[in-house]
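Fold and contact review
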Amino acid sequence: MQSEINLGARVIVQFGKKKVLTGIIGKVHNKPPQAYQAKPILEVLDDQPSVNPLQIRFWVWMAEYYFCHIGEVMHAALPSGLRLSSESKVQVNPNFERETSKYPLDNREILILDALENKAELSYDECEKVLSIKSIHPILKSLVKKEAILIFEKVQEKYAPKVETRIRLTLEIAGSKNALQEVFKSLTGKAKQESILLKYLRDVPVMKLPKSNEKGVDKAILLEEGDSESSLKTLIKNGIFESFKVVVNRLAEEEPESEPAVLSTSQQAAFEEIKHQFESKQSVLLHGVTGSGKTEIYIQMIREVLDSGSQVLLLLPEIALTTQIVTRLKKVFGSQMGVYHSKYSDNERVEVWNGVLSGRFSFVVGVRSSIFLPFDSLGLIIIDEEHESSYKQFDPAPRFQARDSAIMLAYFHQARTLLGSATPSFESYFNASQGKFGYVELTHRFGDATMPNFYLADLAADKRKNLLKLDTTRILREKIQDALAKQEQVLIFQNRRGYSPYIQCEDCGWTGQCVQCDVSLTYHQFSEELRCHYCGYKEKIPSSCPACGSTQLTTMGMGTERIEESLSLLFPEARIGRMDLDTTRNKHGYQRLLDEFGSGNLDILVGTQMITKGLDFGRVTVVGIWDGDRILNFPDFRAGERAYQQITQVAGRAGRREVQGQVIVQTRDPETQIYAQVIKGDYFEFFNQEIHDRKKFYYPPFVKLVKITTRHADYKVAEKAALNLHHGMAEIPVKKIVLGPEKGIIARIKNQYQFESLIKLDRSGNTPVIFKEYLWKITEELKSRPEFRSVRFVVDVDPS
Ligand SMILES: Nc1ncnc2c1ncn2[C@@H]1O[C@H](COP(=O)(O)OP(=O)(O)OP(=O)(O)O)[C@@H](O)[C@H]1O
Ligand SMILES: [Zn+2]
């Protein structure tokens, strides 16, 4: 068999009596495993491997680096359409004969056997339908005992190619004019059939171009004007038409429709400089202020690399992927470009996968999981908005950082990585300052656009002077009013983190709590529900307090819904939209809101983080940051970095064309230094200050962080396991600091108590590798103890 096996091919392996699993050939060797009995391969599914050796190398690296099983990486990497599912099926036992069987059969058993005469195999579901009962097992079991049927596992490809039924004239008819005339004669008086034939001849020029009959037409199109299916059937039965099936592409073909823009002088200079630095560096950081036109530079880079015959991957944060930038790229690259989106169906994902495999897509724009596509000759990976924390996968394993992983992937391909941002991550900026990355800057906006003007609006002062109305400062109101008068647009930003509205009883102080987690339920006005943001639990809003019966329930906190409400009171004439998790839950919600805003149907858009990601709207002149302080205050060593990035990014949506933008930050503390730094736009100065603290207190990029969460349904067991883990880790002979274990910020999630340990590892040499080897042994040893058998240790390398 060995000669048939190719690295990367999918195979089926039997586990236990009933289960079959799909695997990928990772290595072909002759050493039998010591610890377990190897399982035989039942079948090799692919002649051509689905996964190439570079991918396998990448998976191995990822599993090792992010401390998880390679199976978990495989699971994340393969679109589920490429994994196989097995389903139990029933067929007649070939040795069975009803007449001579020594066992008596009851009625229901006979019905199943009858059904199997019409169809060679039935699924459990189908058997249940035959008898219209719920539990088919006893009957099938009895049939097996009576040696009447066999049960087997059928492995099915989940991916289903899209098949179209097409109709064409049979060869006899299409081949001769006479035959066709005969047909016409025979159809006189049969208006319905005649109409179908006429329609066919209208769409397919059989007379002029006999070859055109080969392709025929889509049956659905042939019948779409109301012609009858049964008439078509008759035509087929009489040998006039025939039907056949073809596999078609789900992803529409598009031709490029515009040329790339001509770069400005400074863009051109940046472009040349990037190429120059690529000669000596694998990775280059492009630090270009908001609106500087990074996209056009990417387009030129992509063009060049594609022309040289290599593949290109452009990574975008999740939400940005549905928008402007993809439309822009599609216009330039047409159907050479594949889009890999998490909102795509499985089948669509498999088509992008296969498109990369077959060479149809040499360029892919995608979310973080697109790093797993089967590229075999990448020349360039671009990571746009590289500072985005959504590049990190939190759950489930592999908990990978797509930016860091992409750099590794590029290394395996001997490719280059271009990281772009107006507000680089500290990691990348640090790497650039150390000379590990190249560094190219764009300090001006494209064209005549200038950087926006900032105003710090003092909430406390306005309150004292009685100028605060519905939480808006005077200056914010004035600027909005001005913009509305000039028919310009306004964005209002409220930070989602560390804050969500909830319901409280005014009389007894009751608030809704999740039944499985130690958190308050969040209030959703739109759906009139209370929801848990951790486990998804939800309940209807009670009409009275469940604790004391009072009907005085009020909404606490100030979410985007409340802001929308306040603004509609203050500016009754304005058309206001809201963009947050609530209004974008369905597939097209986000796009629809952007389209409305873009086409000028909305004057004001209120939103969370979503409105900050790379949006480019020419008429936005005012950006209001509802509560600046909220952005600064979260308990995290990255608080400052995130705040700087976020304020700069939101502000960057304002004034991207001729009219200068106005940014109003509402705050109780206008003296806070970070505001001054953002306004000055001096990232370098800000970085230098912050990095000093990071060094002093041992935080990244000076150490490597590993976070381990210990989980168990029993508080005591979880705590004990976490303490044991702690003691084990303290003994590991590498340079490190082990903190914790502490009760999780949220003590219980989905009925599991959690304790967190944080490890700060020395970065030098192979300290992290040694640490992980020991950690593996420690957790395996703990899990082998009966008391900790169901404890989970969740390891997060480079948590964000
Ligand atoms: N060479 C060019 N020719 C014509 N228009 C350009 C050119 N470069 C940039 N633009 C326009 O300038 C605007 C800003 O460009 P772009 O959106 O690429 O900026 P960006 O650097 O990605 O900004 P951000 O970081 O804020 O997302 C866009 O409307 C873009 O179409
Ligand atoms: Zn919950």
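Refer to the structure presented above.
These figures come from a predicted structure and were not determined experimentally.

Conventions we followed
Residues numbered from 1 in each chain as written. Chains lettered and ligands numbered in written order. Predicted model: local features only at pLDDT ≥ 70, side-chain atom pairs only at ≥ 80, totals over all residues. Heavy atoms only, no water. Near = heavy atom within 4 Å. Polar contact = N/O pair within 3.5 Å; in protein donor to acceptor, adjacent residues only side chain to side chain. Areas by Shrake-Rupley, 256 points an atom, 1.4 Å probe, with all protein chains shown as cover. Helix = DSSP H or I, 4+ residues; strand = E, 2+ residues; numbered from the N terminus. Nonpolar A, V, L, I, M, F, W, Y, C, P; charged D, E, K, R; others polar. Domains from an automatic or database assignment. Phe/Tyr/Trp six-rings, centres within 6.5 Å; stacked < 30°, edge-to-face > 60°. Buried < 20%, exposed > 50% of the residue type's maximum accessible area, 1.4 Å probe, protein only. Lys NZ or Arg CZ within 6 Å of the ring centre and 35° of its normal. Pairing = 2+ DSSP bridges. Right-handed = clockwise from strand over helix to strand, strands pointing away.

Our next topic: the site of ligand 1. Ligand 1 sits among 18 residues. The nearest are Val-262, Lys-294, Thr-295, Asp-616 and Arg-656. Taking Ser-292, its main chain carries an N or O atom lying 3.4 Å from an oxygen atom of ligand 1. In this structure, Gly-293 approaches ligand 1 through a main-chain N or O atom, which is 3.0 Å from an oxygen atom. Notes on ligand 1: free accessible area 630 Å², of which the protein chains cover 83%. Per-element tally for the shell around ligand 1: the top contributor is helix α13 (residues 294-307), with three residues. Of the residues assigned to the shell around ligand 1, the class counts are four nonpolar, seven polar and seven charged. Residue assignment places the shell around ligand 1 across two domains, with domain 3 (265-442) and domain 4 (453-499 + 557-692) each supplying three or more.

A few words now on the packing of aromatic side chains. Scanning the model with the defined rule gives 24 aromatic pairs in all. For the pair Tyr-429 and Phe-687, a centre-to-centre distance of 4.7 Å together with 70° between the ring planes defines the contact as edge-to-face. Remark: Phe-687 occurs in helix α25 (residues 683-696) and Tyr-429 occurs in helix α17 (residues 426-433); sequence separation between them is 258 residues. Both residues of the pair, Tyr-429 and Phe-687, belong to the buried class. Plain terms: the ring middles of Phe-597 and Phe-617 are 5.3 Å apart, the flat faces sit at 90° to each other, and that makes the pair edge-to-face. Of this pair, Phe-597 sits in helix α21 (residues 589-598) while Phe-617 sits in the loop between β25 (604-607) and β26 (620-625), and the two are 20 residues apart along the sequence. Here Phe-597 and Phe-617 have matching classes, each one buried. Each member of the aromatic cluster is reached from another via a ring pair, and the members are Phe-426, Tyr-429, Tyr-439, Tyr-644, Tyr-683, Phe-686 and Phe-687. Over the face of the ring belonging to Tyr-699 we find Lys-760, whose NZ or CZ atom lies 3.9 Å from the ring centre. One Lys or Arg, Lys-772, reaches over the ring of Tyr-65 and ends 4.4 Å from the middle of that ring.

A few words now on the pairing of strand β7 (residues 162-169). Of the pairings in the sheet, the one linking β7 to strand β9 (residues 241-248) comprises eight bridges and is antiparallel in character. In the strand pairing of β9, Ile-167 is matched with Ser-243. Strand direction decides the pairing type here: β7 and strand β8 (residues 217-218), joined by two bridges, are antiparallel. What sits directly across from Ile-167, in β8, is Val-217.

Here the focus is the pairing of strand β12 (residues 337-340). Across the two faces of β12 the burial is the same, with Met-337 and Val-339 and Gly-338 and Tyr-340 all buried. Alignment of β12 against strand β13 (residues 363-366), held across four bridges, turns out to be parallel. Within β13, the position partnered with Gly-338 by the bridge is Val-364. As for the winding sense of the linkage, the β-α-β connection from β12 through helix α15 (residues 346-358) to β13 is right-handed.

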